[in-house]
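# Results of the structural survey
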Amino acid sequence: MNFIQRAFRHLTRSKTKSLLLTLTFFLIANFVVVGFSISSAAAEAKTETRRKMNPVVEFTMDFDAWYEKYMSLDQEERKTFAYPKPDPELVKKMLADSRVKSADWTRSTMGYADGFAPVEIQRPQKEEDEDDGGMFSGSIVVSETLSGSGQKTEQKPNLTLLGLLSPQMNKLADGTWSLAQGRMITQEEIENGSPVAVIDKRLAEANNLSVGDFIKIKLYSDEEINAIADTQNDNVLDLEIVGILDSAEELSSEELQWASEYSHPANQVLVPLPLYAQRDLALMTLFHQANPKVMEATAEDYNPSSVVFVLNDPLEVDAFRDQYNQNLDEYLIMDANDEMYQRLSKPLDTLTVFSDLIVAVVLINAVVIITLVSALTLKTRETEIGVLLSIGVSKVKIVGQLFSELLITAMIGFALASVSGSMIAGSVGEKALAMQVQENQTSESGGFAYSSSESLFNEVSQEEVTASYHAGVDAGILIQIFILGVGVVFISTLIPSMMVLRFNPKKILMSQN
């Protein structure tokens, strides 16, 4: 260990050189500390952003990509270019994932109450000259959605049938709904297409219904059915009430102006989707026979177009999506409110790139500068090295002495920089982030997007993200800095070490004479 003592003696004798080396390492370390601090703070801010977002993943169609392709096709090709839908087998696998808290795997349609009354919409008072009623306020509704018959009917849909493929519903999990009586539809009943239903408490009270009672719901109006065949029995679902939901959902004052009875939350009836799909497919076949121009339906048409998953932990969202995002149809996506997340993260990503570039450039220059300084000063120490070699000191110990000299000055410089760099990083990072946020907001363009899960996606403001950004120095950054310092010193001594290994003590001493 004598080479370490010699390193200390040399540094104390050559105070000017030692001070310059320490100052060099101090400046280098400040840039590295700033870079690491900004990068670490940006990564932590992104994590906090994801943590503040609801852990929602929607498995749905990429409408923009699909529509762009659709518009590029001719009329004949468009007829066979169907909407892509989530694969049921993959959805079942995702539902079984322990990270999933709940999911909405549903498909809704309108229906007609048969033998009971829907909950009426209490509309606000209007002026005399204002039109009364909702979207279907007129007494006539032209119904040609499925049959194509164009039959005019006085009947209006007054219920929403929500077909379930899974009972793990998001509104039950988050407390929006709760069971006032009975139970939820089971997975077995869903798979078997059992004639069971869960209704709203308000609908039950309005009709004096309770668990165990039966209700009848028509899928289509009588006029639509009579236009093609006498299939009244096939048109009616005879359902046993197995559960009654307590829900606080209400229409907003704005929705009350136009909403129809079927859109009232109290008029929503939960049923197994296979039950509805089987009955409706049979009716659609009759519709097709009556009017061949109507496209023939298939069982796949009743698969839900999207599935909305809610996870247990927001930080699991990216890993969950990436796991199931592989080998998907070209026009299917796993959306985790990515548009908002990317918009909020863009300034942080820019900062990360900026800081990583600073660290890379500084470290490369540090290695080059320290190597040159060491190589040049080595020439002035030939006599010292020659004497040491002549008295039997090994070349390895001489290299160790050179390494120790650089390492000591580096550690002093890096230790000082860990204090000053923290203050610099906070100021520089906040100013750089503010500039990036301003630039990002300026470059944003407005747009409109709709998602079936938008009610579950929450908004996180740019101010919240900025508030969670705190650049500083912690133990992890200090460890990285000192490891890099050792690495820089090690690489910087490689060339001087090769020079020492080529020294011949006899030639060095003879040249001095």
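Right, let's walk through the structure included here. Not measured: the values here are computed from a predicted model.

### Brief notes about the overall build of the chain
Broken down by element type, the chain carries 19 helices and 13 strands. Counting across all 513 residues of the chain, residues that qualify as buried make up 45%. A fraction of 84% describes how many contacts in the chain between residues 6 or more apart in sequence connect residues 24 or more apart. Accessible surface computed for the chain: about 27,100 Å², of which carbon and sulfur atoms make up 55%.

### Side note on the packing of helix α2 (residues 15–52) against helix α17 (residues 475–492)
The contact between α2 and α17 brings their axes to 10 Å, and the two run at 140°. When the axis of α2 is compared with that of α17, the two are oblique. Crossing of α2 against α17: the hand is right-handed. Residues F25, V32, V33, F36, S37 and S40 of α2 pack against I477, Q480, I481, L484, V488 and V489 of α17. Considered class by class, the residues forming the contact of α2 with α17 number nine nonpolar, three polar and no charged.

### Section: the packing of aromatic side chains
Within this structure, the stated rule accounts for 10 aromatic pairs. Centre to centre, the rings of F63 and Y67 are 5.6 Å apart; their planes meet at 15°, and the pair counts as stacked. With F63 and Y67 both in helix α3 (residues 63–71) and four residues apart, this pair spans about one turn of that helix. Through a chain of ring-to-ring contacts, the aromatic side chains of F63, W66, Y67, Y70, F81, Y83 and Y331 assemble into a single cluster.

### Re the pattern of salt bridges
Counted under the stated rule, the structure contains 11 salt bridges. Between R202 and D200 there is a salt bridge; the shortest N-O distance is 3.0 Å. Looking at D200, the relative accessible area reads 5%, which means it is buried. Between D222 and K218 there is a salt bridge, with its nearest N and O atoms 2.8 Å apart. Linked through salt bridges whose partners overlap, the residues forming this network are R50, D318, R321 and D322.

### Digging into empty space enclosed by the protein
Counted by the stated rule, this structure contains three cavities of 30 Å³ or more. Reported here for the largest cavity is a volume of approximately 120 Å³. Lining the largest cavity are K17, L21, V373, S374, T377, L378, R381, L402, E405, L406, T493 and P496. Secondary-structure elements contributing two or more residues to the lining of the largest cavity are α2, α13 (338–379) and α15 (395–443). Among the elements that make up the lining of the largest cavity, the one with the highest residue count is α13 (four residues). The volume enclosed by the second largest cavity comes to roughly 50 Å³.

### Description of the packing of helix α1 (residues 2–13) against α2
Their axes nearest at 5 Å, the elements α1 and α2 cross at an angle of 100°. Considered as vectors, α1 and α2 are oriented roughly perpendicular to each other. Across the interface between the two elements, H10, L11, T12 and R13 from α1 touch K15, K17 and S18 from α2. Its residues placed into classes, the contact of α1 with α2 shows one nonpolar, three polar and three charged.

### Digging into a nonpolar patch on the surface
A contiguous nonpolar patch, built from F63, Y67, M71 and Y83 and spanning about 440 Å² of accessible area, is present on the exposed surface. Of the residues examined, F63 reaches a relative accessible area of 41% and is grouped as partly exposed.

### A closer look at the pairing of strand β9 (residues 214–218)
In this structure, strand β3 (residues 106–114) lies alongside β9, joined through three bridges in antiparallel fashion. Bridge pairing links D114 to K216 in β9.

Reading the values: the criteria
- Residues numbered from 1 in each chain as written.
- Predicted model: local features only at pLDDT ≥ 70, side-chain atom pairs only at ≥ 80, totals over all residues.
- Heavy atoms only, no water.
- Helix = DSSP H or I, 4+ residues; strand = E, 2+ residues; numbered from the N terminus.
- Buried < 20%, exposed > 50% of the residue type's maximum accessible area, 1.4 Å probe, protein only.
- Contact = heavy atoms within 4.5 Å.
- Areas by Shrake-Rupley, 256 points an atom, 1.4 Å probe, with all protein chains shown as cover.
- Axes fitted to C-alpha atoms, helices over the stretch in contact; angles between N-to-C directions.
- Parallel < 35°, antiparallel > 145°, perpendicular 65-115°, else oblique.
- Left-handed = near helix turned anticlockwise from the far one by under 90°.
- Nonpolar A, V, L, I, M, F, W, Y, C, P; charged D, E, K, R; others polar.
- Phe/Tyr/Trp six-rings, centres within 6.5 Å; stacked < 30°, edge-to-face > 60°.
- Salt bridge = Lys/Arg side-chain N within 4 Å of Asp/Glu carboxyl O.
- 1 Å grid on protein atoms, 1.4 Å probe; cavity = no way out; pocket = protein on both sides within 12 Å on 5 of 7 lines; lining within 4 Å.
- Points joined across faces, edges and corners; volume = space filled by probe spheres on them.
- Patch = residues over 30% accessible without salt bridge, like charges linked within 9 Å, V, L, I, M, F, W, Y side chains within 5 Å.
- Pairing = 2+ DSSP bridges.

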